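Spelled out from the first residue to the last, the chains are:
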Amino acid sequence: MSGFAYYNGEFYPLDGLSIPITNRAFYFGDAVYEVFLGVGEAVYQCEEHISRLFSNLRKLSIPLLYNKEEITALISHTMKKSGIGESLVYLQVSRCAKERRHSALNTAHDLLITVSPYSLKPSEERISLITHDDLRYYYCDIKTVNLLPSVIASTEAEKAKADEAVLHRGDTVTECAHSNIAILKGNRLLTHPANNLILPGITRKNLLKACVKERVPFEERPFTVSEMMEADEIIVTSTTRAGRLVGKIDGKSVGGRATDCGESLCKILYEQFAQFKQQNLTL
Ligand code: PDD
């Protein structure tokens with residue numbers, strides 16, 4: 001595995017890093033994380049990701065002995081030391097304790113940052129989804145490493161040779177296993193409200209801003225599986241993919257009825273990153 005890592009004050013090649021069992025992410029999934037795109041020493045949409053990280057740390061009372069500026073500087077320093085030009089940066093803050101006990105009181109912070117090569121490429125190829133029951137709990141707004149339901153759904157998607165799994169609670173579509181989802185219907189964009197049933201994606205927010213730019217009215221309201229199957233377009237968003245249109249769900253052709261609008265919105269999401277990359281590659 002190529003890549004570079006920072007762990008609690010030391011730097012390592014990624015495959016030379018071992019993490020002690022006192023890290024509570026192992027026993028309890030007691031950790032929050034962020035995934036960023038990096039170019040050189042610069043993190044794409046750093047402020048948004050760091051704000052979400054600090055909000056999650058507060059929600060779980062996970063101690064972190066750095067402020068926003070210090071953690072940002074540490075991420076940049078790790079990226080610089082990695083020597084990797086375009087990267088995917090993973091940051092995980094967990095707690096550690098001397099023994100295994102459920103209560104999280106009197107624990108210390110435990111910080112991991114990894115940097116791996118990754119290049120976000122533009123793509124007009126439509127992706128495919130499977131539908132899957134959303135069997136997660138009610139803390140989906142917190143980006144924690146408790147990802148077993150997402151792992152199960154993503155594995156089912158891969159078995160079906162699909163790219164992602166779209167999750168539904170009963171008939172209501174929430175989000176995907178590791179992305180957000182929106183539909184276009186009659187030139188209006190719909191996406192699940194940012195409550196405790198979905199992760200408030202940074203790219204989802206960018207999509208809503210792109211709607212303002214393109215004068216596409218949007219509504220943050222739940223939609224059903226059948227509304228999705230009959231939608232004019234379906235858009236999946238995440239840091240690692242930006243925005244992608246969906247061509248198939250459970251093997252059935254979907255969308256394709258508002259291609260110009262869908263493609264323009266996805267293009268804005270990619271172009272925004274491309275601009276950032278341009279600025280930071282030339283530094
Ligand atoms: N996944 N919803 C879920 C459940 C996610 O795990 C993600 C991100 C998103 C999109 O959020 P953002 O636009 O901020 O990346 C929505 C990351 C990329 C991951 O776990 O690898």
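All values derive from a computational prediction rather than experimental measurement. (Residues numbered from 1 in each chain as written. Predicted model: local features only at pLDDT ≥ 70, side-chain atom pairs only at ≥ 80, totals over all residues. Heavy atoms only, no water.)

Quick word on the sheet that holds strand β1 (residues 4-7)
Right, so step 1: The antiparallel open sheet is built from six strands, whose spatial order is β2-β1-β6-β5-β3-β4. Of all the strands in the sheet, just β2 (10-13) and β4 (42-43) have a single pairing partner and so form its edges.
Right, so step 2: Of the strand pairs in this sheet, strand β5 (residues 86-96) and strand β6 (residues 108-117) are connected by 10 bridges, and their pairing is antiparallel. The residue of β6 that forms the bridge with Gln-92 is Leu-112.
Right, so step 3: In the packing of helix α2 (residues 46-60) onto the sheet, the strands contacted are β3 (31-39), β4 and β5, and the crossing angle to β3 comes to about 175°.
Right, so step 4: Contacts from helix α3 (residues 68-82) reach β1, β2, β3, β4, β5 and β6 within the one sheet, and its direction differs from that of β6 by about 40°. (Pairing = 2+ DSSP bridges. Helix = DSSP H or I, 4+ residues; strand = E, 2+ residues; numbered from the N terminus. Contact = heavy atoms within 4.5 Å. Axes fitted to C-alpha atoms, helices over the stretch in contact; angles between N-to-C directions.)

Re the packing of α2 against α3
Two quantities define a packed helix pair, namely the angle between the axes and the distance from one axis to the other.
Right, so step 1: Relative to each other, α2 and α3 sit at 120°, their axes nearing to 11 Å. The pairing of α2 with α3 is recorded here as oblique in orientation. Pair α2 / α3 crosses with right-handed handedness. Contacts between α2 and α3 pair Cys-46, Ile-50, Ser-51 and Phe-54 from the former with Lys-68, Ile-71, Thr-72 and Ile-75 from the latter. (Parallel < 35°, antiparallel > 145°, perpendicular 65-115°, else oblique. Left-handed = near helix turned anticlockwise from the far one by under 90°.)

Thoughts on unusual backbone geometry
Right, so step 1: Positive phi, normally seen in glycine, also occurs at Asn-8, with a value near 45°.
Right, so step 2: Inspection of the secondary structure puts Asn-8 in the loop between β1 and β2.
Right, so step 3: Owing to a relative accessible area of 35%, Asn-8 belongs among the partly exposed residues under this scheme.
Right, so step 4: Of note, the phi angle at Ala-242 is positive, near 60°, even though the residue is not glycine.
Right, so step 5: The buried category is assigned to Ala-242, whose relative accessible area is 7%. (Buried < 20%, exposed > 50% of the residue type's maximum accessible area, 1.4 Å probe, protein only.)

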